[in-house]
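Descriptive analysis of the structure
In case you want the letters, here they are:
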Amino acid sequence: MQWDNWRLLALISLAGFLGLIMGQMMTFMFIAALGYAIWLQGKWYQLWRWLQHPKKATCPSAEGVVDDVCRHIEKMRQQNNNRKKKVTSYLKRFQSATAALPDAIVIIGKHGQVDWANFSAMQLLGIRWPRDSGVRVINLIRDPQLLKLMENPVAEGGGITLNSPLNASRQLEIKLVSYMGNGRLLIARDVTQTVKLQRMRRDFVANVSHELRTPLTVLKGYLESFQPDTPAEQWHQALPVMQQQTQRMHLMIKDLLALSSLETGEKPLMHTPTNVGQLLKVIVDDALHLEHYRQQPISLDLQSEKWLMADVDELRSAISNLVFNAVKYTPDNCPITVSWHSDNFGAKICVTDQGEGIEAKHLDRLTERFYRVDKGRASSAGGTGLGLAIVKHVLQRHEGELIIDSAPGEGAKFCCHFPLKKLVDKIDV
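Right, let's walk through the structure included here. Computed from a predicted structure; not experimentally measured.

Some remarks on the side chain of Thr 367
Following the sequence through the fold, Thr 367 ends up in the loop between α11 (360–363) and α12 (375–381). Those residues in contact with Thr 367 that lie beyond four places of it in its chain are Leu 388, Ala 389, Lys 392 and Leu 402.

Quick look at the state of the cysteines
Taken as a whole, this structure holds one disulfide when the rule is applied. One disulfide in the model links Cys 350 with Cys 415; its S-S distance is 2.1 Å. A torsion of 110° about the S-S bond marks the disulfide between Cys 350 and Cys 415 as right-handed. Here Cys 350, found in strand β10 (residues 346–353), pairs with Cys 415, found in strand β12 (residues 412–419); they are 65 residues apart in sequence, far enough to count as distant.

Quick notes on helix α13 (residues 387–397)
Of all 11 residues making up α13, nine are buried, and the element is well covered by its neighbours. Two residues or fewer past α13, Glu 399 is found with a positive phi of approximately 60°.

Digging into a nonpolar patch on the surface
Side chains of Leu 14, Phe 17, Leu 18, Ile 21, Met 22 and Phe 28 sit close together on the surface and give an oily, nonpolar patch of about 620 Å² of accessible area. The greatest single-element share of the nonpolar patch, amounting to five residues, is contributed by helix α1 (residues 2–22). Within the secondary structure, Phe 28 is located in helix α2 (residues 25–52). Judged by relative accessible area, Phe 28 falls into the partly exposed class, the value being 31%.

Thoughts on the packing of helix α9 (residues 276–287) against helix α10 (residues 312–329)
Helix-helix packing is characterised by the crossing angle of the two axes and by the distance between the axes. Where α9 meets α10, the axes come as close as 10 Å, and the angle between the chain directions of the two elements is 40°. Here α10 runs oblique to α9, going by the angle between their axes. α9 and α10 meet at a crossing whose hand is right-handed. In this structure, α9 contributes Leu 279, Leu 280, Ile 283, Asp 286 and Ala 287 to the contact, and α10 contributes Leu 315, Arg 316, Ile 319, Ser 320, Val 323, Phe 324 and Val 327.

A look at the pattern of salt bridges
All chains considered together, the criterion is met by 10 salt bridges. A salt bridge links Arg 131 to Asp 132, with the shortest nitrogen-to-oxygen separation between them at 3.1 Å. Owing to a relative accessible area of 55%, Arg 131 belongs among the exposed residues under this scheme. Given a relative accessible area of 6%, Asp 132 falls into the buried group. Here Lys 361 and Glu 359 are joined by a salt bridge, their closest N and O atoms 3.7 Å apart.

Let's talk about the sheet that holds strand β7 (residues 298–302)
Reading across the sheet, the five strands line up as β7-β9-β10-β12-β11 and stay open at both edges, with mixed pairing between neighbours. Here the strands that pair on one side only, and so sit at the sheet edges, are β7 and β11 (401–406). When the angles between neighbouring strand axes are averaged without regard to direction, this sheet yields 15°. As defined by bridge partners, strand β9 (residues 336–343) adjoins β10 across eight bridges and the pair is classed as antiparallel. Its bridge partner being in β10, Ser 342 is matched across the sheet by Ala 347. Against the sheet, α10 makes contact with β7, β9, β10, β11 and β12, and its axis sits at roughly 25° relative to β10, the strand it touches most.

Topic: the environment of Gln 193
Mapped onto the secondary structure, Gln 193 falls in helix α7 (residues 192–225). For the pair formed by Gln 193 and Gln 171, sequence separation is 22 residues and the distance between their alpha carbons is 8.6 Å.

What about unusual backbone geometry?
The omega angle of the peptide bond from Trp 129 to Pro 130 is 10°, so this bond is cis rather than trans. Secondary-structure assignment places Pro 130 in the loop between α4 (119–124) and α5 (137–140). At Gln 295, a residue that is not glycine, the phi angle is positive and equals roughly 60°. By the secondary structure assignment, Gln 295 is in the loop between α9 and β7. Residue Gln 295 is classed as exposed on the basis of its relative accessible area of 55%. A positive phi angle, near 60°, is found at Glu 399, a position not held by glycine.

Here's the deal with the sheet that holds strand β1 (residues 104–108)
Pairing within the open sheet is antiparallel, and its five strands lie in the order β2-β1-β5-β4-β3. At either margin of the open sheet sits one strand with a lone partner, and together these are β2 (114–117) and β3 (159–163). With direction set aside, neighbouring strand axes in the sheet form an average angle of 25°. Examined bridge by bridge, β3 and strand β4 (residues 171–179) share five bridges and lie antiparallel to one another. Each bridged residue has a counterpart across the sheet, and for Ile 160 the counterpart in β4 is Ile 174. Packing of helix α6 (residues 144–151) onto the sheet brings it into contact with β1, β3, β4 and β5 (183–190), and relative to β3 it is tilted by some 160°.

Rules behind the numbers
Residues numbered from 1 in each chain as written. Predicted model: local features only at pLDDT ≥ 70, side-chain atom pairs only at ≥ 80, totals over all residues. Heavy atoms only, no water. Helix = DSSP H or I, 4+ residues; strand = E, 2+ residues; numbered from the N terminus. Contact = heavy atoms within 4.5 Å. Disulfide = S-S within 2.5 Å. Buried < 20%, exposed > 50% of the residue type's maximum accessible area, 1.4 Å probe, protein only. Patch = residues over 30% accessible without salt bridge, like charges linked within 9 Å, V, L, I, M, F, W, Y side chains within 5 Å. Areas by Shrake-Rupley, 256 points an atom, 1.4 Å probe, with all protein chains shown as cover. Salt bridge = Lys/Arg side-chain N within 4 Å of Asp/Glu carboxyl O. Axes fitted to C-alpha atoms, helices over the stretch in contact; angles between N-to-C directions. Parallel < 35°, antiparallel > 145°, perpendicular 65-115°, else oblique. Left-handed = near helix turned anticlockwise from the far one by under 90°. Pairing = 2+ DSSP bridges.

See the structure below:
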């Protein structure tokens with residue numbers, strides 16, 4: 001600013017001196033001031049053009065206030081660029097973090113349109129970004145519950161549960177969250193497993209109550225009917241039934257405690273080299289002495305000499321459940337095969353029967369607690385309905401898996417698969 005004043009003063013002084021010599025001092029001073037004003041106006045116009053098109057026009061160069069303004073503007077532009085880079089970096093990090101979330105995140109605009117969506121939104125809701133940018137959510141997901149949620153989220157309690165538009169068997173919990181004033185986030189979470197577990201818990205409580213009610217009712221009925229002077233003949237008739245029902249409750253509670261111990265991991269695994277062939281021979285011999293054994297021929301098929309690193313007690317419990325179930329639920333004289341096989345991919349113990357078989361709709365639920373294909377037949381066989389659940393958890397603790405293959409009229413095959421790292425060479429004793 002001071003440079004402008006000195007420059008103007010010097011120009012007018014020089015013009016006044018020349019005008020004084022020529023006898024036209026005021027004229028020369030006026031012309032000099034006018035010329036300076038026109039020159040300065042040109043610089044201001046050049047500055048205005050540069051502000052309008054900073055990439056095309058050049059910054060004016062003039063010592064004084066114009067240069068000061070240019071420097072301040074350039075400094076502010078640099079600061080804004082730095083801020084813009086930081087905001088862009090934060091936005092990218094936010095989008096990357098949000099895209100990695102397993103929950104579907106959809107940013108909804110003022111009119112219910114999609115402003116942004118992460119990758120999970122495509123997997124759960126079928127909303128693709130940027131393809132669906134600007135499209136209203138209710139046009140992409142046509143569901144009355146979602147429409148009500150969008151119109152009045154408070155009335156819907158902030159969330160609803162509906163089936164995924166991509167897969168009807170997958171259940172989603174959808175919530176609408178407000179943020180930054182009028183902003184809204186649509187959050188969808190896969191709750192299929194949670195709903196399944198809740199159903200299993202309800203079924204478990206109902207089944208336990210049902211299973212315990214029957215023996216308790218029998219015992220209560222006998223005890224209420226007996227008096228101190230009841231004839232001994234009635235006691236002799238009732239005692240075997242009461243003992244049977246008591247034994248049934250005892251086995252059920254024992255299996256429940258064993259299952260609870262497996263699920264919580266309270267019992268540490270004692271991995272030791274296990275002679276699978278010898279173990280299977282002992283289990284088959286025990287099966288031949290079962291109360292429900294009906295002369296079914298049980299054969300052993302030992303195709304491997306490998307041993308297995310396992311907890312012997314847990315492994316015996318799991319395989320015994322499979323073999324004893326085969327004996328209980330297969331018809332008389334129905335062949336049963338117990339096999340042990342290993343290869344370069346792992347090993348498996350299979351129990352195969354040629355019984356009635358199981359319908360496909362039951363296979364996925366066989367390992368649930370108390371789930372029975374035929375409740376009447378299962379009750380008569382004296383089972384607790386927990387055997388396959390125990391087998392499943394034992395195998396999980398051994399990094400194994402239970403594979404069930406069956407069809408009506410074709411028998412059933414229960415295979416316990418173990419990873420290759422669990423195999424060890426035969427140990428000479």
